[in-house]
Amino acid sequence: MTCKMYSNMIIFIKIQRYIKEADLLSIEDLYVEVEGKEVLNGVNLRIERGRIYALMGPNGTGKSTLAYTIMGHPKYKITKGRILFNDRDISSLSPTERARLGIFLAFQYPVGIPGVTVASFLKTILNIRKGENMPLVKFRNTLKEKMSLLEIEEGFERRYLNDGFSGGEKKKSEILQMAMLEPELVILDEIDSGLDIDALKIVSKGIEKTFNSNMSIIIITHYQRVLNYIKPDSIFVMMDGRIITSGGDELAAILEERGYEWLEGVANVK
Amino acid sequence: MEGVISLSLKEARNCYPGLLERYTKKDIGVFIYVPKDIKIRMPYITSRNPYTLIIMEPDSELTYVSENDSVSVEAYIGPGAHLYFLNLSRDSKDIYTDSNLSFFLKKSSICDLFFLDLAKNRVKRDVKVSLLEEDATSNIRGIYILEGNELLQYHILQEHKAPFTTSNLVYKGILKDDTKGLFKGEITIEKEAVQSDAYQANYTLILGENASIDTIPILEIKNNDLKRCTHGATVGQIDEDILFYMKSRGLEDKEALKLISIGFLEEIIEDISSESIKLKVLKYIEEKLEVNN
Amino acid sequence: MSNEISTNYRYGFRDPEDYVFKTKKGLSKEVIEEISWMKMEPEWMRVFRLKAYEIFISKPMPSWGPNLSGLDFDEIYYYIKPVEKEGHSWEDIPSYIRNTFEKLGIPEAEKKYLAGVSAQYESESVYHNLKKQWEKQGVIFVDTDTAIREYPDLVREYIGTVVPPQDNKFAALNSAVWSGGSFIYVPKGVYVDIPLQAYFRINAQNAGQFERTLIIADEGSYLHYIEGCTAPIYSSSSLHSAVVEIIVKKGARVRYSTVQNWSNNVYNLVTKRAFAYEDSIMEWVDGNLGSKVSMKYPSVYLYGKGARAELLSIAFAGKGQHQDVGGKVLHFVPYTSSNIVSKSISKDSGHNSYRGLVYIGPEAEGSRCSVRCDTLILDEYSRSDTYPYMKVRNRNVSLSHEASVSKIGEEQLFYLRSRGLDEIEANAMVIRGFIEPITKEFPMEYAVELNRLIKIQLEGTIG
């Protein structure tokens, strides 16, 4: 290696260090109201690209609220603070715009759209995401590939979206959408609810196979069970409308053992 | 009957000057009045059938049972009041009987109507329920069993004139022999009546060779912000498999038919809140199903 | 893509005739005589028309249904000979119609044809080839005027038997002044594999005003006939009163699809009826998008054991429109079955009414019928009514009827928007799904255009 090349390499490495990996999602001091009642009381959260997070907490503490707020549900009004996605303030954008930027929410109870097949729905939303009309053959192949990846049986795509689906089928339908769209930020709202062990294993495997380094996933759950199948890089715990603590694996283990009441003491101290 | 005031209209005009004028100009008939907050525990039972005006003051409660073929009633149900109105008709002296019933509901009031029609001859009933103010609720249940040459015509109108009102109608009928039924159930929802909940279902079991039914469930909807608005009607006969099963357990045709008929009507009989009346209704129905199989 | 779509359902039509004629405004015995004389009709048809005219005069206007007070019988021209163009120019066409053509991507020549501007349309060679094929099979497909001349016995045997002039005032009117329409005869056992289309033989200006269509499907045959198109048809005539009579003989099957999108000055009052005989199937598939007022109740009289009727309809009522549509099925004999599905959408103070009749007669042992009518009301100004009449005269039957009224749910909208659809796309998708049970019965080109048209209609309101 010549001197010149060596010094270029040093400069290159130094520059790399200065280019801070921008957070994919950054929530700053967020207060949110629903029907006049305050439900989020100063949430602060930073999500880095390429990582998996778990958002835990007892029921009713604001986890789903946070998810819906990030997605832009009109019922949730931001009274203070803001949400940045790829450094852009999205607090006043519509859900449509947020989806087009690459945010995806897997609903806990996805709504049924009678008369619209899974396949035609997927084609529509994929075209929107890609910004172009994907040729039918390419679409069919991609769909087939993703369906086999997620172990979804053939014929599923001809059924009407979420219409008469079992709990497990609804979850699979959401994950299939995620697999097809390849979003940047994925929020899974209680993906484990209503699933038995086998279904949970399959869905978790599917999520892991779909995950890539360009994506971040937030798993919302109040049971630790799903985290046995998808290992998060970090865990946040929410209580009374804000994030009270975060940690790694060990936090999950403690919660499993001691439950949430133990943390309540922590919250009060804070 | 403590608490219920029952007078002739003439007397009522004297005792309550100014009150009657607001509701009716009629002179002949009966006036039933339940004062504010009075909840009558015992059902008021009558088998006389003149024109009856029922006025219920706010938060009052009354169970009115009439055992008549022809009925003419106007009921004004005040805010928060609750009227249980049952008409059990088993017999008819006249060939044609005509009934007219109107119920006007104010804020958060409820009317629970039940009609049992086992009447002889030709019966026509016109029922109107007006949900005039917010949160009013109307529940209508009916059973009719016709045999021989009997004829029954029902026209029930439920109008939603205010927001958050609820109407719920379930009717079941059994037609034997050469009987004829006509059931016209109308639901209208006005523009102001947002978040209304309207449901109507009408089931007919035809047992008679020459029996016939006309069923006409009508909807007139003038706004789209509704909690629910559905109606359904089915007409059918006895499921052959069920009949066969019963016979294979030793039941005769007649008995099987009777059991199946009661099973068919059961859901409505169950809904009757007063135990004593429920038993009475069951007794009348069994008697009707006994005769003339 | 639309280019392919257009040529798929529009073919050529006849050469115009040589001279020009138009009756004076209004209706009278003289006008009827003139019409019959101009067409050089046989005596029996002239008499048929005159008798029908007497019936028309004697009948009152219907006392139920939409408001027809805007209809002035004296202001209408009852007969205009084809080629005599009033020379509409493209600019005369209302802009909302021109805009729709733009959005649907319909090519120039076609636009003018649809707007009644051009009298002729190319592609005669395609038409002639098809004609040869049919002639080989013995299929007769001509316009009704020609049928009177070339197949008088056949026409005379059946015309007015399914819809007699006495049936209603507008059937009487049509019987008196009819012109144009299709006459189709499919011989025994013949299966016509491509759908026959009204535009194969139509002349623009005369399009649809008082068409008289007669279809006879002989035993064991199959036919699919398509009338109309999704693109809006501008008509200067405010009254369209057609009559369609269909006879489906033993074992035969006929499907009659219509999409109507008349401009919103038109009163569209149509009588359509079919007699279905033993083991036959009759299907009415109806799309009602346009017109100011439509009164249309396609009917099937089930006269043969084992016959089956399907009535599928979509109605879309926007600003100033009243769609009063539905269907009638009459079961006269045993083991007949019917299925009615009606989906209607109201927006912008549009008014939808479903009017239906199911009659199961005393001899109709073992018959089955199911009715489903659903309405979607998109905003708080619009209105929907349902008037279903069910008369059951036999006990060994089953009948079920369900109706619901709803709007597009907030949660549905949010879900779709969270997948990147904007408000219009989301509404359009829900509506598409709502009418899907019926659109899937239309040929694909129609279904695609129907969905696009609905999206365009929505853009008019939202956004």
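Residues numbered from 1 in each chain as written. Chains lettered and ligands numbered in written order. Predicted model: local features only at pLDDT ≥ 70, side-chain atom pairs only at ≥ 80, totals over all residues. Heavy atoms only, no water.

1. Focus: the overall build of chain A
Per the secondary structure count, chain A includes nine helices and ten strands. Counting only residues that meet the buried cut, chain A has 51% of its 270 residues in that class. On chain A, roughly 13,100 Å² of surface is accessible, and the fraction owed to carbon and sulfur atoms is 50%. (Helix = DSSP H or I, 4+ residues; strand = E, 2+ residues; numbered from the N terminus. Buried < 20%, exposed > 50% of the residue type's maximum accessible area, 1.4 Å probe, protein only. Areas by Shrake-Rupley, 256 points an atom, 1.4 Å probe, with all protein chains shown as cover.)

2. Topic: the interface of chain C and chain A
Taken residue by residue, the interface counts 19 residues in chain C and 33 residues in chain A. Buried surface at the junction of chain C and chain A, summed over both partners, amounts to about 2,000 Å²; 62% is from carbon and sulfur atoms. Interface area lost by chain C to chain A is led by C:F414, C:Y415 and C:R419, which between them contribute 38%. Taken together, chain C and chain A are joined by two salt bridges. Measuring nitrogen to oxygen at the nearest pair gives 2.8 Å for the salt bridge that ties A:E174 to C:R419. Counting only elements with at least two residues in the side of chain C that touches chain A, the list comes to α10 (410–417) and α11 (423–439) of chain C. When residues in the side of chain C that touches chain A are grouped by element, the largest group, seven residues, is from α11(C). Class assignment for the residues of the side of chain C that touches chain A results in seven nonpolar, four polar and eight charged. (Contact = heavy atoms within 4.5 Å. Buried area = accessible area lost by both parts, 1.4 Å probe. Salt bridge = Lys/Arg side-chain N within 4 Å of Asp/Glu carboxyl O. Nonpolar A, V, L, I, M, F, W, Y, C, P; charged D, E, K, R; others polar.)

3. Things to note about the interface of chain B and chain C
In this assembly, 30 residues from chain B lie in contact with 30 residues from chain C. Between chain B and chain C, roughly 2,500 Å² of surface is buried when both sides are summed, and carbon and sulfur atoms account for 48% of that area. Viewed at the interface, chain C and chain B are joined by five salt bridges. Across the pair B:D214 and C:R393 runs a salt bridge, and its minimum N-O distance is 2.8 Å. Between the two partners, chain B and chain C, sit 19 residue pairs in polar contact (both at pLDDT 80 or more). Top element by residues in the side of chain B that touches chain C is strand β16 (residues 212–221) of chain B. It accounts for ten residues. Of the strand pairs in this sheet, β16(B) and strand β18 (residues 383–392) of chain C are connected by six bridges, and their pairing is antiparallel. Counted as the bridge partner of B:T215 is C:M390 from β18(C). (Polar contact = N/O pair within 3.5 Å; in protein donor to acceptor, adjacent residues only side chain to side chain. Pairing = 2+ DSSP bridges.)

4. A word on the sheet that holds strand β4 (residues 76–85) of chain A
Residues and elements named next belong to chain A. Taken in spatial order, the four strands line up as β2-β1-β4-β5 in an open sheet, and their pairing is antiparallel. Every other strand in the sheet has two partners, leaving β2 (37–47) and β5 (88–89) as the edge strands with one partner each. Relative to β5, β4 runs antiparallel, the two being bridged by two bridges. Considered in β5, the bridge of F85 is made with R88. Sitting on the sheet, helix α2 (residues 63–71) is in contact with β1 (25–34), β2 and β4, with an inclination near 105° to β1. (Axes fitted to C-alpha atoms, helices over the stretch in contact; angles between N-to-C directions.)

5. Some thoughts on the nonpolar core
By size, the foremost hydrophobic cluster in this structure holds 116 residues, and its most contacted members are A:L66, A:L185 and A:L188. Here the element with the most residues in this core is α11(C); it accounts for nine residues. Structurally, this core is a two-domain feature, drawing no fewer than three residues from each of domain 1 (2–296) and domain 2 (412–463) of chain C. (Core = buried A, V, L, I, M, F, W, Y, C linked by side-chain atoms within 4.5 Å. Domains from an automatic or database assignment.)

6. Considering unusual backbone geometry
A positive phi angle is found at A:D87, which is not glycine, with a value near 70°. By relative accessible area, which is 62% here, A:D87 ends up exposed. Of note in the backbone geometry, B:D59 takes a positive phi value of approximately 60° without being a glycine. Secondary-structure assignment places B:D59 in the loop between β4 (51–56) and β5 (61–66). According to the relative accessible area criterion, B:D59 is partly exposed, its value standing at 32%.

7. Some details on helix α8 (residues 249–258) of chain A
Residue and element names in this part refer to chain A. Among the residues of α8, those classed as buried are L251, A252 and L255. Viewed along the axis of α8, the buried residues span an arc of 100°, placing them on a single side of the element. Exposed residues pointing more than 90 degrees away from the buried face of α8 are listed as E250, E256 and E257. Where α8 terminates, the next one or two residues include G259, which has phi positive at roughly 80°. (Arc of directions from axis to C-beta.)

8. Quick notes on helix α4 (residues 275–290) of chain B
Taking 1.5 Å of rise per residue, the 16 residues of α4(B) would be expected to cover 22 Å, and the 22 Å separating its terminal C-alpha atoms lies within 8% of that figure. Each element contacted by the buried residues of α4(B) is listed here: β5, β7 (82–89), β9 (110–117), β11 (137–146) and α3 (253–270) of chain B. (Expected span 1.5 Å × (residues − 1).)

9. Quick word on the sheet that holds strand β7 (residues 185–189) of chain A
Residues and elements named next belong to chain A. Judged by pairing direction, the sheet is mixed, and its six strands sit side by side in the order β6-β7-β8-β3-β9-β10 without closing on themselves. Each edge of the open sheet carries a strand with a single partner, namely β6 (103–106) and β10 (242–247). On average, adjacent strands in this sheet sit at an angle of 20° to one another, irrespective of strand direction. Both strand β9 (residues 234–239) and β10 contribute to a ladder of five bridges, which runs antiparallel. Along β10, the bridge assignment pairs I235 with G247.

10. Some remarks on the side chain of A:E190
Residues and elements named next belong to chain A. Mapped onto the fold, E190 is located in the loop between β7 and α7 (197–210). In this structure, E190 is buried with no salt-bridge partner, the nearest side chain bearing the opposite charge being K63 at 4.2 Å. When neighbours within four sequence positions are excluded, E190 is seen to be in contact with N59, K63, Q108, K171, I220, T221 and H222. (Lys, Arg positive; Asp, Glu negative; His and termini not counted.)

11. Some remarks on the pattern of salt bridges
All names here are of chain B. Taken as a whole and judged by the stated rule, the model has 53 salt bridges over all chains. Between E150 and K288 there is a salt bridge whose closest N-O contact spans 3.1 Å. Here E150 is found in the loop between β11 and β12 (151–160), whereas its partner K288 is found in helix α4, with 138 residues between them in sequence. Owing to a relative accessible area of 6%, E150 belongs among the buried residues under this scheme. Taken together, the shared-partner salt bridges connect E147, E150, K176 and K288 into one network.

12. Some points on the packing of helix α2 (residues 29–38) of chain C against helix α3 (residues 43–58) of chain C
Residue and element names in this part refer to chain C. Close contact between α2 and α3 brings their axes to 10 Å; oriented N to C, the two are set at 155°. Taken together, α2 and α3 sit at an angle that is classed as roughly antiparallel. Along this stretch, α2 crosses α3, giving a crossing that reads as right-handed. Along the contact surface, α2 presents K29, I32, E33, I35 and S36, while α3 presents R46, R49, L50, Y53 and E54. Here the residues of the contact of α2 with α3 sort into four nonpolar, one polar and five charged. (Parallel < 35°, antiparallel > 145°, perpendicular 65-115°, else oblique. Left-handed = near helix turned anticlockwise from the far one by under 90°.)

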